[in-house]
Amino acid sequence: MLQRRARLCFQHEAVKIAGIYALFATAWIFFSDRILAALVGNLATLTLLQTFKGWFFVAVTTVLVYSLVYRHVARLRHAERELLASEERYRELVEGTDDLIVEVDDAGRFSFVNHRSSHYYGVEPAACIGLFAFDFVHRDDQERTRAWFAHCLSQMVRSDSIENVQVARNGRETPMLWTVNFNYFPDGRLKRVGSIARDISEQKAAEQALRDHLRMKSQFVSTAAHELRTPLATIMGYSELLLDDIVGASTSPQEQREFIATILDRTEVLTRIVDELLDLSRIEAGHKIPLKIESCNLDSIVAEALADFSTRFPSHIFEQLPATGDACTCQVDPVRIRQVIDNLMDNAVKYSSSTGVIRLGCGISDEHCRLLVSDNGIGLTPEQQARIFDEFYRVDASNTAVGGLGLGLSIVREIVAGHGGQVQVESEVGKGTILTIILPRRLPIVD
Ligand code: ADP
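Not measured: the values here are computed from a predicted model. (Residues numbered from 1 in each chain as written. Predicted model: local features only at pLDDT ≥ 70, side-chain atom pairs only at ≥ 80, totals over all residues. Heavy atoms only, no water.)

Novice: Please provide a residue-by-residue account of the packing of aromatic side chains, values included.
Specialist: One pass over the structure, following the stated rule, counts 16 aromatic pairs. With centroids separated by 6.1 Å and ring planes inclined at 45°, the aromatic side chains of Phe110 and Phe136 adopt a geometry described as tilted. You can see Phe110 sitting in strand E2 (residues 110-113) and its partner Phe136 sitting in the loop between helix H4 (125-128) and helix H5 (139-154), a full 26 residues away along the chain. Grouping residues by exposure puts Phe110 and Phe136 together as buried. Where Phe220 meets Phe392, the ring centres are 4.8 Å apart and the plane angle is 45°; that geometry is what we call tilted. Note that Phe220 is positioned in helix H6 (residues 201-248) and Phe392 in the loop between helix H10 (382-387) and helix H11 (408-418), a separation of 172 residues in sequence. Of the two residues, Phe220 and Phe392, both sit in the buried class. Ring pairs connect the aromatic residues Phe24, Trp28, Phe56 and Phe57, which therefore count as one cluster. A cation sits over an aromatic face here: Arg312 above Phe309, 4.8 Å from the ring centre. (Phe/Tyr/Trp six-rings, centres within 6.5 Å; stacked < 30°, edge-to-face > 60°. Helix = DSSP H or I, 4+ residues; strand = E, 2+ residues; numbered from the N terminus. Buried < 20%, exposed > 50% of the residue type's maximum accessible area, 1.4 Å probe, protein only. Lys NZ or Arg CZ within 6 Å of the ring centre and 35° of its normal.)

Novice: Account for the nonpolar core, naming residues and giving values.
Specialist: In a soluble, globular protein the nonpolar side chains are often hidden away together inside. Counting residues in hydrophobic clusters, the biggest one holds 49 residues, and the most contacted among them are Leu298, Ile341, Met345 and Ile437. Tallying contributions element by element places helix H9 (residues 334-350) first for this core, with seven residues. Not counting the four nearest positions on each side in its chain, Met345 is found in contact with Leu306, Phe309, Phe318, Ile358, Leu360 and Val373. By size, the runner-up hydrophobic cluster in this structure holds 24 residues, among which are Val102, Cys128, Trp148 and Phe182. (Core = buried A, V, L, I, M, F, W, Y, C linked by side-chain atoms within 4.5 Å. Contact = heavy atoms within 4.5 Å.)

Novice: So what's going on with the side chain of Glu227? Which residues, and what values?
Specialist: Tracing the backbone through its elements, the reader meets Glu227 in helix H6. Within the buried core, Glu227 has no salt-bridge partner, and the shortest N-O distance to an opposite charge, that of Arg394, equals 5.6 Å. There is a polar contact of 3.2 Å between the side chain of Glu227 and the backbone nitrogen of Gly404. (Lys, Arg positive; Asp, Glu negative; His and termini not counted. Salt bridge = Lys/Arg side-chain N within 4 Å of Asp/Glu carboxyl O. Polar contact = N/O pair within 3.5 Å; in protein donor to acceptor, adjacent residues only side chain to side chain.)

Novice: A description of the state of the cysteines should follow, citing residues and the corresponding values.
Specialist: The final tally for this structure, using the stated rule, is one disulfide. Paired through a disulfide, Cys330 and Cys369 show a sulfur-sulfur distance of 2.4 Å. For the disulfide bridge between Cys330 and Cys369, the dihedral angle about the S-S bond is near 130°, and by the sign convention the bridge is right-handed. Here Cys330, found in strand E8 (residues 329-332), pairs with Cys369, found in strand E10 (residues 368-375); they are 39 residues apart in sequence, far enough to count as distant. Relative accessible area serves as the criterion here: at 1%, Cys330 is assigned to the buried category. Owing to a relative accessible area of 0%, Cys369 belongs among the buried residues under this scheme. (Disulfide = S-S within 2.5 Å.)

Novice: Explain the sheet that holds strand E11 (residues 422-428) to me, using residue names and the numbers behind them.
Specialist: Read from one edge of the open sheet, five strands run E7-E9-E10-E12-E11, paired in mixed fashion. Unpaired on one side and paired on the other, strand E7 (317-320) and E11 mark the two borders of the sheet. Looking at each pair of strands side by side, their axes are set apart by 15° on average, direction ignored. As judged from the eight bridges shared by E10 and strand E12 (residues 432-440), these two strands associate in the antiparallel manner. Bridge pairing in E12 places Asp375 opposite Thr433. (Pairing = 2+ DSSP bridges. Axes fitted to C-alpha atoms, helices over the stretch in contact; angles between N-to-C directions.)

Novice: Which residues make up empty space enclosed by the protein, and what are the values?
Specialist: All told, the structure shown has one cavity of 30 Å³ or more when counted by the stated rule. In this structure, the largest cavity encloses a volume near 190 Å³. Lining the largest cavity are 17 residues, and of these Ala133, Phe134, Thr145, Trp148 and Trp178 sit closest to its centre. The residue inventory of the lining of the largest cavity, partitioned by class, reads 12 nonpolar, five polar and no charged. (1 Å grid on protein atoms, 1.4 Å probe; cavity = no way out; pocket = protein on both sides within 12 Å on 5 of 7 lines; lining within 4 Å. Points joined across faces, edges and corners; volume = space filled by probe spheres on them. Nonpolar A, V, L, I, M, F, W, Y, C, P; charged D, E, K, R; others polar.)

Purely spatial values, then, with no claim about function.
Spelled out as structure tokens, the structure:
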């Protein structure tokens with residue numbers, strides 16, 4: 001189309017030059033002879049003047065032709081510069097993009113590929129020409145892609161899209177979204193197939209993460225129901241016993257006190273679960289966990305927690321790590337920090353043997369306070385370490401013998417982040433886990 005327009009433009013210009021020349025020459029010959037003959041009577045003078053007139057004609061037409069041709073060539077040069085600039089612009093667009101741009105024939109053989117192809121195919125663009133595009137499609141997607149291509153050609157589809165996985169020569173796999181344009185001659189024959197493919201690895205990973213999250217969430221609902229039912233069953237059982245006893249008076253006051261203590265203990269478990277659920281709903285709604293910051297001594301919070309856990313889990317060995325630096329004075333919310341310590345200590349108990357050694361300590365430097373909980377329990381792989389702070393994540397979700405909703409550490413992370421701090425994990429499978437909380441000594445000013 002463009003070429004045809006250019007050709008027409010040239011023809012038009014040539015006809016114009018020839019026309020102007022013919023008009024000028026005809027007018028000159030026609031009028032100049034008559035005017036001279038009318039003005040000059042002498043034949044010798046007329047002949048001389050006609051010779052001058054001939055030379056004058058040559059000079060004037062030379063200038064005329066020169067100026068017309070010059071103007072035409074200048075226009076051509078300008079058009080050529082425009083063409084080169086536009087070609088460069090397109091080349092920059094095609095070669096500068098992260099997308100894969102290819103052109104194939106009706107058999108699916110490459111007739112053009114941009115430089116990005118070497119990234120996705122592991123083959124230089126020039127070496128791609130003539131290769132079959134389908135050979136770079138993953139085995140599982142090949143049949144579907146071929147059938148789709150054949151269908152588009154048979155139905156003379158103009159534009160369509162398809163997702164598949166591309167496999168480079170080195171085996172690297174990339175999920176891609178193709179947008180394909182089919183161009184046809186007026187008689188219906190295929191002219192070319194131009195396609196742009198976008199790397200959708202990140203989108204696919206996000207979709208997978210969302211699916212995992214939804215799966216974990218539905219698993220969470222059944223875990224939560226189970227976690228609520230167990231203490232409720234105990235509370236109900238002991239309440240019934242107490243009620244029977246009050247009627248029948250067959251158990252001793254000591255036994256009744258034990259029943260009530262168990263009910264209280266289970267109620268505390270229920271309260272903890274409900275608190276976790278409330279914290280979760282706050283986090284999911286995008287709200288920060290509210291903090292009541294005050295100047296606190298972490299050593300006393302640590303000592304209290306150790307005393308509490310030693311009473312609750314007498315078979316475990318609890319040790320206080322020697323403090324580093326001066327007294328651990330820090331600006332924190334003491335209730336929330338105790339919640340953090342309880343969560344980490346609970347995990348240390350749950351994921352180590354009943355005779356495991358659990359250490360808790362704190363330290364201080366100029367800028368930071370550190371809290372550290374270590375155990376010699378089952379430990380975590382690097383992949384598990386990367387996920388333990390995700391909501392609902394539990395390494396072994398099927399193990400209902402070990403209670404938990406997969407929320408504790410995500411809440412810990414939120415509380416610590418609210419203090420402007422961070423949580424670090426070090427762990428080795430079979431050897432144990434160390435969780436370290438680093439808090440700024442003074443809470444950063446937040447707008
Ligand atoms: P849960 O209530 O299930 O313990 P958390 O959010 O506290 O939930 O922990 C998430 C998961 O991280 C746990 O289910 C467990 O698999 C793993 N985990 C946490 N702490 C430890 C630890 N000290 N040792 C081994 N695994 C741990």
